[in-house]
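Coordinates in review
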Amino acid sequence: YPSAHVVYSLYPFTQLRTSFSSRVNRPSAKQLSPLPRSGDFSTIDTVGNSDLKPEFINSVEFGITRIFNKIKFDFTSYNHFIQDPILWVQDGDNISFDNSGSGKLSGIEALVKLKPVHNLDLRITGNYFQMNTENSSNSVLDGTTKGGYGRIIASYKTHGYGEFEINGTYKSRRDTPQ
């Protein structure tokens with residue numbers, strides 16, 4: 001699948017990036033399996049759909065990276081144009097999967113990486129996205145999904161004992177057409 005990436009160094013510690021790529025995302029075994037499966041902490045069964053088609057994605061991204069002393073900032077905006085996106089469908093106590101006609105996933109992502117003290121690395125990321133789907137054979141899939149998440153990862157390198165890592169993730173409320 002074709003892809004192209006261009007990076008331009010504006011200053012020694014500033015880079016501008018743009019890229020285009022195409023890819024295919026095939027359904028997972030869980031999404032295809034017709035046998036009901038319960039999650040560990042859920043009373044809802046997941047039932048796969050053996051008729052799922054792969055997603056075809058064209059992606060366009062723009063970003064900037066800036067480094068100040070020991071702090072790295074990275075901001076990216078993206079648009080993914082998706083043919084036959086795979087979405088989950090809730091029907092009563094069951095969740096299944098179906099293809100929607102077409103979709104556009106847009107969002108922004110930010111990363112801050114810093115080293116506040118010797119041997120300690122902190123990475124903080126955030127992402128906000130909006131997915132618009134339309135032309136689906138199942139009208140409950142058409143509409144807008146919005147959401148976001150944040151993550152923090154702290155890793156500490158010791159002398160002779162390896163590396164210790166702690167991380168946490170926050171997922172915002174997600175509004176979906178269903």
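Described in the following lines is the structure provided in the data block. Please read all numbers here as calculations on a predicted model, not as lab measurements.

Here is what the cut-offs are and how they apply
Residues numbered from 1 in each chain as written. Predicted model: local features only at pLDDT ≥ 70, side-chain atom pairs only at ≥ 80, totals over all residues. Heavy atoms only, no water. Pairing = 2+ DSSP bridges. Helix = DSSP H or I, 4+ residues; strand = E, 2+ residues; numbered from the N terminus. Axes fitted to C-alpha atoms, helices over the stretch in contact; angles between N-to-C directions. Polar contact = N/O pair within 3.5 Å; in protein donor to acceptor, adjacent residues only side chain to side chain. Contact = heavy atoms within 4.5 Å.

As for the pairing of strand β10 (residues 120-134)
Two strands pair when backbone bridges link them, and strand β9 (residues 102-114) and β10 are joined in this way by 13 bridges, in the antiparallel orientation. Bridging from a neighbouring strand, Leu114 pairs with Leu122 of β10. Note: β10 against strand β11 (residues 143-157), 14 bridges, orientation antiparallel. Opposite Ile124, over in β11, you have Ile152 as the bridge partner.

Some words on the sheet that holds strand β1 (residues 3-11)
The strands making up a sheet associate through hydrogen bonds between their backbones, and the pairing can be parallel or antiparallel. Overall, antiparallel pairing links the eight strands, which are arranged β1-β2-β5-β6-β9-β10-β11-β12 in an open sheet. The open sheet is flanked by β1 and β12 (163-171), the only strands paired with a single partner. Here the strands of the sheet are splayed against their neighbours by 15° on average, with no regard to which way each runs. The sheet contact formed by strand β6 (residues 71-83) and β9 spans 13 bridges and is antiparallel. Across the sheet, the residue bridging to Phe73 is Val112, located in β9.

Focus: the side chain of His80
Mapped onto the elements, His80 comes out in strand β6. Within the structure, the side chain of His80 is placed 3.2 Å from the side chain of Ser59, a separation counted as a polar contact. Residues within four places of His80 in sequence aside, it is in contact with Arg23, Ile57, Asn58, Ser59, Glu61, Gly103, Lys104 and Leu105.

Regarding the environment of Leu10
Inspection of the secondary structure assignment puts Leu10 in strand β1. C-alpha separation for the pair Leu10 and Ser59, spaced 49 residues apart in sequence, amounts to 24 Å.

Scope: geometric values only; no functional claims are made or implied.
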